Structures are given as structure tokens and as C-alpha cells.
Amino acid sequence: AKVHSAVDGKVIKRAFAFLKQRQRADGSWQQDTHLHAGNENLGRGDLRTSCYIAWALQEGGLGQEDVAIRAMKYIEGKLPGEKDLYTVGMCANALARADRQTAVLDRALEQIIEAVTVEGDFAYWTMEGQTLVNSGGKAGQVEASALMALALIHAGQHQQVIASVVNWLASTKDPQGNWGYNTQA
């Protein structure tokens, strides 16, 4: 993965230094209940926050840095037993993007597949609680379903389920082709 070329490299370096400074000795980052405008929520514990940041490090091409490696070890130690499906999906994306094909990732993918609702050619996940951008209801279902599908794509597994999720996501658009019920979609 490569960060968009329009992003100033100095900004990336400063952000990485900030994250490195904030990382705890166990490889985690402390949960934060809000981000820039207060509408994004990494609450629900340190694991969700750590998975989000670790995934971002992978996507930014920083996955081989000690910070990212420590984060992956933290995630692998804490993910087993996690009940919040949205957090599991976030962590599965981080692990899959790091190419950590372990029993922990396999179990997370099992949890994701066990929770899917399949209706004919459609597949989706329901949400309990709030998503990263505080979505609930149909918007939460769309966000959660896209997150779970990404985890399956990154892991290279369950292609038929992915196709059914894409069908469902397309069916939830409004007549103009938008997900108009959610400004984050």
C-alpha cells in the first residue's frame, strides 16, 4: 500500500512520530472518544483504537516498523475472546493487511462469517452499538458490512460472501446512486 502521492511526506513523518510517541509499551494505543470534529469515535476500548491505527500503518507502508510489529503482537494477544464484531472486523483488517495469517486471524474471520446474514443473493451484518463514525441503523449496517467485506477481501477468503455483500451494498443505495442516509458513506 502507498499513501496518496499528494500527501506531504513531512506530514506522514510527523504523524508517525506522534503515533510512535503515544504507543504504550504493550503495543497498544489508549482509546479516544473523539477525533478531529468529535464525530468519529474510537471508543469501545484500546483494542479497537489499536487495530484502527495498526491498519492505517499497514496501509501507509509502515507495517515493517517496530511500532507496527508491536501493535500486531498486542492485537494477536487481545483479539481472542473479543465480542464486539465491529472491533473484530477492524482487527481482522489490520492483521490481514499485515499478512499475519495466524490462528487469531482465522478465528476472527470465523466470527465474521458466523455473524453474516444471508438472504438470497444478499449478505450483510447488523450492528450493535456505534461504528467509527457513530452510525447506527441502516447506515451502521452499510458501514459494518463494508468493513467485514474488506477483511474478507484482504484475507483472500469467502469470495461468494463478498459478492453477496457487494450485491446488498448496491441495493441499499438511493435512486440517485448514493447512500444518502449517511454523510460518511
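Higher on the page you've got the structure.
Reading guide: rules and limits
- As a convention, each chain's residues are numbered from 1 in the sequence order in which they are written.
- Reporting in this predicted model follows two pLDDT cut-offs: at least 70 for local features of residues, and 80 or more for side-chain atom pairs to be given and counted; totals over whole chains, interfaces and linings ignore these cut-offs and use all residues.
- Where side-chain values are given, they derive from all heavy atoms of the structure, hydrogens and water being excluded.
- Two cysteine sulfurs form a disulfide in these notes if their separation is within 2.5 Å.
- A run of H or I in DSSP counts as a helix once it spans at least four residues, and a run of E counts as a strand once it spans at least two, with each numbered from the N terminus.
- Exposure classes here rest on a 1.4 Å probe applied to the protein chains alone. A residue is buried below 20% of its type maximum, exposed above 50%, and partly exposed in between.
- Only one rule defines a salt bridge in this text: a Lys or Arg side-chain nitrogen within 4 Å of an Asp or Glu carboxyl oxygen.

Engineer: Kindly report on the state of the cysteines, identifying the contributing residues and their values.
Structural biologist: Applying the stated rule across the entire model yields 1 disulfide. Shown here is the disulfide that connects Cys-51 with Cys-91, its sulfur atoms set 2.0 Å apart. Judged by the sign of its S-S torsion, about 85°, the cystine formed by Cys-51 and Cys-91 is right-handed. Here Cys-91 lies in helix α4 (residues 85–97) and Cys-51 lies in helix α2 (residues 46–59), a separation of 40 residues in the sequence. With relative accessibility at 0%, the residue Cys-51 sits in the buried group. The buried category is assigned to Cys-91, whose relative accessible area is 0%.

Engineer: Can you explain the pattern of salt bridges? Please cite residues and give values.
Structural biologist: For the coordinates displayed, the defined rule picks out 6 salt bridges. Put simply, Asp-46 and Arg-24 hold a salt bridge, and the shortest N to O gap is 2.5 Å. With Asp-46 in helix α2 and Arg-24 in the loop between α1 (9–22) and α2, this residue pair connects regions lying 22 residues apart in the sequence. The exposure class assigned to Arg-24 is partly exposed, which follows from its relative accessible area of 32%. The partner of Glu-76 in a salt bridge is Arg-100, and the shortest N-O contact between them spans 2.8 Å. Placement of the pair is Glu-76 in helix α3 (residues 66–78) and Arg-100 in the loop between α4 and α5 (103–115), with a sequence separation of 24 residues. According to the relative accessible area criterion, Arg-100 is partly exposed, its value standing at 23%. Bridged by salt links that share partners, the residues Arg-107, Glu-110 and Glu-114 form one connected network.

Spatial relationships are all this shows, so hold off on functional conclusions.
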